[in-house]
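Chain residues, written in single-letter form:
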Amino acid sequence: MSRGFFVTLFAVAGVLAIVFLLPNTYDQAPTMKTGTVQFENGVTVAVEVVDTAELQRQGLSGHKELTDDQGMLFVFDDLIARTFWMKDMTFAIDIIWIYDGRVVGIEKSMQPPAASDGTIYVASSPEPVDHVLEVAAGWSDRHGVQVGQGVDVID
């Protein structure tokens, strides 16, 4: 066999070793950032922080539930009115609209798609927002969160 054949064989073997032995980072889920949201009345909630378009599209879809001390915080780089929908959700949530460290609106007890007719509920922010907090349904009432309250995001 010729020397060229062995060089080619060695090169192919090297490429295959790289492809099969290195970890495949394309199939790995992104690591979720976490933080805390604190309201001016002293109430805090631990949050998963979603700050990429991919994570924001996924949102809480696939989660089975939220406990009373959990939430999901959407962080946006731009300031526009937002519309959220309940596609692929299995539980109700409160949506807290936030702009510049203040609660500007609360959508209470947004329901998952109705099993009977498949209705997907949609909610829109009352004005442009830079953060959106999703928590378990009834959370905002249980913890006295109101429009106008200050909010701090703690990484």
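Going by the structure above, here's the rest.
Keep in mind the model is a prediction, meaning the values are calculated, not measured. (Residues numbered from 1 in each chain as written. Predicted model: local features only at pLDDT ≥ 70, side-chain atom pairs only at ≥ 80, totals over all residues. Heavy atoms only, no water.)

### Here's the deal with the side chain of serine 140
Point 1. Looking at the element boundaries, serine 140 is found in helix H3 (residues 139-142).
Point 2. Residue class for serine 140 comes out buried when judged on its relative accessible area of 0%. (Helix = DSSP H or I, 4+ residues; strand = E, 2+ residues; numbered from the N terminus. Buried < 20%, exposed > 50% of the residue type's maximum accessible area, 1.4 Å probe, protein only.)

### Quick word on the pattern of salt bridges
Point 1. Under the counting rule described, the total for this entry stands at six salt bridges.
Point 2. One salt bridge in this structure joins aspartate 78 and arginine 82, with 2.7 Å as the shortest N-O distance.
Point 3. For aspartate 78, a relative accessible area of 39% corresponds to the partly exposed category. (Salt bridge = Lys/Arg side-chain N within 4 Å of Asp/Glu carboxyl O.)

### Observations regarding the nonpolar core
Point 1. Core analysis: the biggest nonpolar cluster contains 20 residues, and Leu60, Phe74, Phe84, Ile93, Ile95, Trp97 and Val132 have the highest contact counts within it.
Point 2. Aside from chain neighbours lying at most four places away, what touches valine 132 is Met72, Leu73, Phe74, Phe76, Arg82, Phe84, Ile95, Ile96 and Trp97.
Point 3. Judged by nonpolar contacts, the second largest core, of 16 residues, contains Val45, Val103, Ile106 and Trp139. (Core = buried A, V, L, I, M, F, W, Y, C linked by side-chain atoms within 4.5 Å. Contact = heavy atoms within 4.5 Å.)

### Things to note about the side chain of glutamine 149
Point 1. When you line up the elements, glutamine 149 lands in the loop between H3 and strand E9 (151-154).
Point 2. A polar contact of 3.2 Å, which involves the side chain of glutamine 149, links it to the backbone oxygen of glycine 144.
Point 3. Other than its neighbours up to four places away in sequence, glutamine 149 contacts Phe39, Glu40, Asn41, Gly101, Arg102, Val103 and Gly144. (Polar contact = N/O pair within 3.5 Å; in protein donor to acceptor, adjacent residues only side chain to side chain.)

### Some remarks on the environment of serine 109
Point 1. Inspection of the secondary structure assignment puts serine 109 in strand E6 (residues 102-110).
Point 2. Sequence-wise, serine 109 and serine 140 are 31 residues apart; in three dimensions their C-alpha atoms are separated by 9.6 Å.
Point 3. Beyond its immediate chain neighbours, meaning those up to four positions away, serine 109 contacts Ile93, Asp94, Ala137 and Gly138.

### Looking at the environment of alanine 81
Point 1. Checked against the element boundaries, alanine 81 lands in the loop between strand E3 (70-80) and strand E4 (83-85).
Point 2. Alanine 81 sits 49 residues away from aspartate 130 along the chain, and the two C-alpha atoms are 8.8 Å apart.
Point 3. Excluding anything up to four places from it in sequence, alanine 81 contacts Ser125, Glu127 and Pro128.

### Things to note about the environment of glycine 144
Point 1. Within the secondary structure, glycine 144 sits in the loop between H3 and E9.
Point 2. Under the relative-accessibility criterion, glycine 144 is labelled partly exposed at 30%.
Point 3. Residues glycine 144 and asparagine 41 lie 103 residues apart in sequence; the distance between their C-alpha atoms is 7.9 Å.
Point 4. In this structure glycine 144 touches Asn41 and Gln149, once residues within four positions along its chain are discounted.

### Some remarks on the pairing of strand E8 (residues 129-136)
Point 1. With respect to burial, E8 is a largely interior element, eight of its eight residues being buried.
Point 2. The sheet contact formed by E3 and E8 spans six bridges and is antiparallel. Among the inter-strand pairings, phenylalanine 74 is bridged to a residue of E8, identified as valine 132. (Pairing = 2+ DSSP bridges.)

### Some details on the sheet that holds E3
Across a sheet, strands are paired by hydrogen bonds formed along the backbone, either parallel or antiparallel in direction.
Point 1. One open sheet holds the seven strands; their spatial order is E6-E5-E8-E3-E2-E1-E9, and the pairing between them is mixed. Across the chains shown, the open sheet's two edge strands, defined by having one partner strand only, are E6 and E9. Pairs of neighbouring strands in the sheet enclose a mean axial angle of 30°, with direction left out of account.
Point 2. Taken together, the six bridges between strand E1 (residues 33-39) and strand E2 (residues 44-50) define a ladder with antiparallel strand orientation. From the neighbouring strand, valine 37 faces E2, where its bridge partner is valine 45. (Axes fitted to C-alpha atoms, helices over the stretch in contact; angles between N-to-C directions.)

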